[in-house]
Amino acid sequence: MDSIKTDFSTQFDIKYPIICAPMFLVSTVKMVVNASEAGGMGTFPALNYRPIEKYRQAIIKIKDLTTKPFGINIIVQKSNKYQYKQIDYALDERVPLIITSLGNPAEVIRLSHQVGTRVYCDVVGYEHAKKVADLGADGLIAVGFGAGGHAGNISPLALIPNLVKKIELPVVAAGSIVSGNGMAAAFALGASAVYMGTRFIASKEAEVAEKYKIAITSAACEDIVNTDRVDGFPGNFIRTKELEALGLEKGLIEEIFTKNKRIKRFISLNRAARSLFGDVDSKASYKTVYSAGHGVGLIDEVLSIKEIMEKTIREYKEIKAHLP
Ligand SMILES: Cc1cc2nc3c(=O)[nH]c(=O)nc-3n(C[C@H](O)[C@H](O)[C@H](O)COP(=O)(O)O)c2cc1C
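Residues numbered from 1 in each chain as written. Predicted model: local features only at pLDDT ≥ 70, side-chain atom pairs only at ≥ 80, totals over all residues. Heavy atoms only, no water.

K.L.:
Could you give an account of the overall build of the protein, naming the residues involved and the relevant values?
P.N.:
Looking only at helices and strands, the protein has 14 helices and ten strands in total. Looking at the protein residue by residue over its 324 residues, the buried ones come to 53%. At a minimum sequence separation of 6, the contacts of the protein that also span at least 24 residues come to 62%. Summed over its atoms, the accessible surface of the protein is roughly 15,200 Å², and 54% of this surface lies on carbon and sulfur atoms. (Helix = DSSP H or I, 4+ residues; strand = E, 2+ residues; numbered from the N terminus. Buried < 20%, exposed > 50% of the residue type's maximum accessible area, 1.4 Å probe, protein only. Contact = heavy atoms within 4.5 Å. Areas by Shrake-Rupley, 256 points an atom, 1.4 Å probe, with all protein chains shown as cover.)

Here it is in structure tokens:
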């Protein structure tokens, strides 16, 4: 199939501007390699490989298995005490793309540019986007309402064209894109690439519990619940018994306490630390409850990563050709 030229695919010299998004406890070396080999770009969160030596080995293994570009997602906030090592190892290995979440990316941008690594930053609105653009970011990941994981709260229909209009950087569209119609819509809004997470969980290569894949292929958009009960920050999850067991409604005591901003932040950070750095089999972790975006309603089969990429591109081309 013909390649698709956008600012993003040109920057990284890849065939298709489709990124297999980084997903905590989901993305693996295998997924990254398959996504990049299929013509898109694979990525993974640095925290998926612990201790840090395993993370370095993961990067080396990816480079052994593919010469295609890939990316690493790093939390650049002080809650991530491994961030400097994660950045150093990525840059030692000349990883083509670093994607930052939370925090201030100034230092990672400075260091990355010394070795030719590009930095894209997760943003959920204009204010943060402007800050990272001023710091020298190479691109933006616009995380809109309806995305899997920690979604933003602005509709992609407004977020993407706003960022494209006001900031001169490639914008990657994230949130509920699971097929060619989402890709066509994102490109119509001015995006340079699509960031697909949920769709790739229902892939043959994803090494998640079978129950997770079944939950995705059988869920409807209405089954997605936005809650901060899992890790302290509002995120999208499939309504399951395990999720409901966390208590989706606030208790009276929490309702009273969380009226105080400092206590609310304390509770949030505690939940986040427990989820990111704690025992992944504990009650509130991404292993026991299933994060997914609103796009689940359109996913009804488990395919290989290559099949997903090619199907998306095929659908995109067909939709583009028949737009009224
Ligand atoms: C299970 C899961 C885990 C995620 N973990 C991360 C993460 O560690 N870092 C990050 O930047 N985004 C994370 N995300 C968000 C994705 O990178 C991406 O923004 C999102 O999946 C796009 O929306 P979609 O799932 O509707 O395609 C996660 C998403 C899911 C579904």
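Right, picking up where we left off after that structure.
K.L.:
Provide a residue-level description of the site of the ligand, including the pertinent values.
P.N.:
Inspection of the region around the ligand gives 24 residues, with P22, F24, N73, S176 and T198 positioned closest. Here an oxygen atom of the ligand sits 2.8 Å away from a polar atom, N or O, in the main chain of P22. At a separation of 3.1 Å, an oxygen atom of the ligand approaches a polar side-chain atom of D122. Out of a free accessible area of 600 Å², the ligand has 92% covered by protein chains. Of all the secondary structure elements, the ones that give two or more residues to the shell around the ligand are β8 (193–196) and α9 (198–201). Taken together, the residues that form the shell around the ligand break down as twelve nonpolar, eleven polar and one charged. (Near = heavy atom within 4 Å. Polar contact = N/O pair within 3.5 Å; in protein donor to acceptor, adjacent residues only side chain to side chain. Nonpolar A, V, L, I, M, F, W, Y, C, P; charged D, E, K, R; others polar.)

K.L.:
For the layout of surface pockets, give the residues involved together with the corresponding values.
P.N.:
By volume, the second largest pocket is sized at about 270 Å³. Around the second largest pocket, the lining is made up of 14 residues, and of these L25, V26, E207, V208 and K287 lie nearest the centre. The residue makeup of the lining of the second largest pocket, split by class, is nine nonpolar, three polar and two charged. (1 Å grid on protein atoms, 1.4 Å probe; cavity = no way out; pocket = protein on both sides within 12 Å on 5 of 7 lines; lining within 4 Å. Points joined across faces, edges and corners; volume = space filled by probe spheres on them.)

K.L.:
Could you give an account of the sheet that holds β8, with specific residues and numbers?
P.N.:
Judged by pairing direction, the barrel is parallel, and its eight strands sit side by side in the order β1-β2-β3-β4-β5-β6-β7-β8 before closing back on the first. Neighbour to neighbour, the strand axes of the sheet diverge by 25° on average, direction disregarded. As defined by bridge partners, strand β1 (residues 18–20) adjoins strand β2 (residues 41–45) across two bridges and the pair is classed as parallel. Bridged to C20 within β2 is G42. Sitting on the sheet, helix α4 (residues 83–92) is in contact with β3 (70–75) and β4 (97–101), with an inclination near 165° to β3. (Pairing = 2+ DSSP bridges. Axes fitted to C-alpha atoms, helices over the stretch in contact; angles between N-to-C directions.)

Worth remembering: the numbers are spatial, not functional.
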